[in-house]
Amino acid sequence: MSANTTLIENSSFTDNVDPQEIEKFSAMAAQWWDLEGDFKPLHMLNPTRLEYIEQGVEGLFGKTIVDVGCGGGILSESMAKQGASVIGIDMAHPSLQIARLHALETQTKLDYQKITAEEFASLHPQQFDVVTCMEMLEHVPNPASIIKACCEMLKPGGTVYFSTINKTFKAYLMMILGAEHLLKWIPKGTHEYEKFIRPSLLLADIDKTSLKCEDLCGVEFSPFTGGFNITKNVDVNYMLRCVKRG
């Protein structure tokens, strides 16, 4: 079943893990903090997504945060440096090791754990002010299960952020043909078109939880600045800010 069809409740904490995706990112782990390496686009994108997150919750200082699918810690560490208490979770052990090492090198205080979102939510229900799940939903078999888990982690009134890639022909051209094959910004095979998610389907998944979407925006690369800008165009990359009711 495609990730874009409908929601499937997870039957166990490990069902929603794709071993091939874990292996893929584990193989690239050493390059997480190489500004000119495989994760250069994420480093370029990070200031934009960090600003979007900060603005939505009126600052990160003192906030308790879970970064779901944290990888090598690019976003996690930047949020911790803003004074947040951050836990980054991921299932790729090599990436977490790199994240921990970099945090030691930069003397940044935060915690990294190898655990699924579903299990973490079962252990820590309604405990966090903010949850971030960025560039992760398109890499799991069942995005709906992740959305549900993120909601369960949040305190009532808490905020969760999602970002992913729209399932459009333009996204295929830019993210797979362009970024992977022509520009070689990221390794071939990083993305699979069938796993891209239309905003309408993501919003339908969100509506089945106690989350309410407050903002939906696009993210576009600017060749003039060499960075990313927030836009109303959601044809390719997009982000959502949702608040937990109650």
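Structure: above.
None of the values given here were measured: they were computed from a predicted structure.

*Asks:* Got a minute to help me understand the overall build of the protein in this structure?
*Replies:* What the protein contains, in helices and strands, is eight helices and eight strands. By the compact-globule yardstick of 18 Å for 246 residues, the protein fits well, its C-alpha radius of gyration being 17 Å. The buried share among the 246 residues of the protein stands at 53%. In the protein, 71% of the contacts between residues at least 6 apart in sequence involve partners at least 24 apart. Accessible area for the protein stands at about 11,200 Å²; split by element, carbon and sulfur atoms hold 56% of it. Side-chain charges of the protein comprise 22 positive and 31 negative groups, with the mean position of each set lying 3 Å from the other.

*Asks:* Please clarify how a nonpolar patch on the surface should be interpreted in this entry.
*Replies:* Among the surface-exposed residues, Phe169, Leu173, Met174 and Leu177 lie close enough to one another that they form a single nonpolar patch of about 370 Å² accessible area. Tracing the backbone through its elements, the reader meets Leu173 in helix H7 (residues 169-182).

*Asks:* Teacher, can you tell me more about the side chain of Thr132 here?
*Replies:* Secondary-structure assignment places Thr132 in strand E4 (residues 128-134). Relative accessible area serves as the criterion here: at 0%, Thr132 is assigned to the buried category. Only 2.8 Å separates the side chain of Thr132 from the side chain of Asp67, close enough to count as a polar contact. Ignoring sequence-local partners within four residues, the contact set of Thr132 consists of Ile53, Val66, Asp67, Val68, Leu75, Met79 and Tyr161.

*Asks:* Explain the packing of aromatic side chains to me, please; I cannot follow it from the model alone.
*Replies:* Two descriptors summarise a pair of aromatic rings, namely the distance from one centre to the other and the angle between the planes of the rings. Applying the stated criterion across every chain yields a total of eight aromatic pairs. Both rings, one in Trp32 and one in Phe39, keep their centres 3.7 Å apart while their planes meet at 10 degrees; by these two values the pair is stacked. The two residues Trp32 and Phe39 agree in class, both being buried. Judged by centre distance (5.7 Å) and plane angle (35 degrees), the ring pair of Phe120 and Phe128 falls under tilted. Per residue, the accessibility class of Phe120 equals that of Phe128, and both read buried.

*Asks:* Explain the pattern of salt bridges here, please?
*Replies:* Any two side chains of opposite charge can pair, given that their charged atoms come close. On inspection of all chains with the given rule, the structure shows 12 salt bridges. Of the charged contacts in the structure, one is a salt bridge between Lys195 and Asp18, with a shortest N-O distance of 2.8 Å. Placement of the pair is Lys195 in the loop between H7 and helix H8 (199-207) and Asp18 in the segment before helix H1 (19-27), with a sequence separation of 177 residues. Each member of the pair, Lys195 as well as Asp18, carries the same accessibility label: buried. With a closest N to O distance of 3.9 Å, Glu214 and Arg241 form a salt bridge. A residue pair is termed long-range when its members are at least 10 positions apart, and Glu214 in strand E6 (residues 211-222) and Arg241 in strand E8 (residues 237-244) qualify at 27 residues. Through salt bridges with shared partners, a single network forms among Asp18, Glu21, Lys24, Glu192 and Lys195.

Here is what the cut-offs are and how they apply
- Residues numbered from 1 in each chain as written.
- Predicted model: local features only at pLDDT ≥ 70, side-chain atom pairs only at ≥ 80, totals over all residues.
- Heavy atoms only, no water.
- Helix = DSSP H or I, 4+ residues; strand = E, 2+ residues; numbered from the N terminus.
- Rg over C-alpha atoms; globule rule 2.2 N^0.38 Å.
- Buried < 20%, exposed > 50% of the residue type's maximum accessible area, 1.4 Å probe, protein only.
- Contact = heavy atoms within 4.5 Å.
- Areas by Shrake-Rupley, 256 points an atom, 1.4 Å probe, with all protein chains shown as cover.
- Lys, Arg positive; Asp, Glu negative; His and termini not counted.
- Charge placed at Lys NZ, Arg CZ, Asp CG, Glu CD.
- Patch = residues over 30% accessible without salt bridge, like charges linked within 9 Å, V, L, I, M, F, W, Y side chains within 5 Å.
- Salt bridge = Lys/Arg side-chain N within 4 Å of Asp/Glu carboxyl O.
- Polar contact = N/O pair within 3.5 Å; in protein donor to acceptor, adjacent residues only side chain to side chain.
- Phe/Tyr/Trp six-rings, centres within 6.5 Å; stacked < 30°, edge-to-face > 60°.

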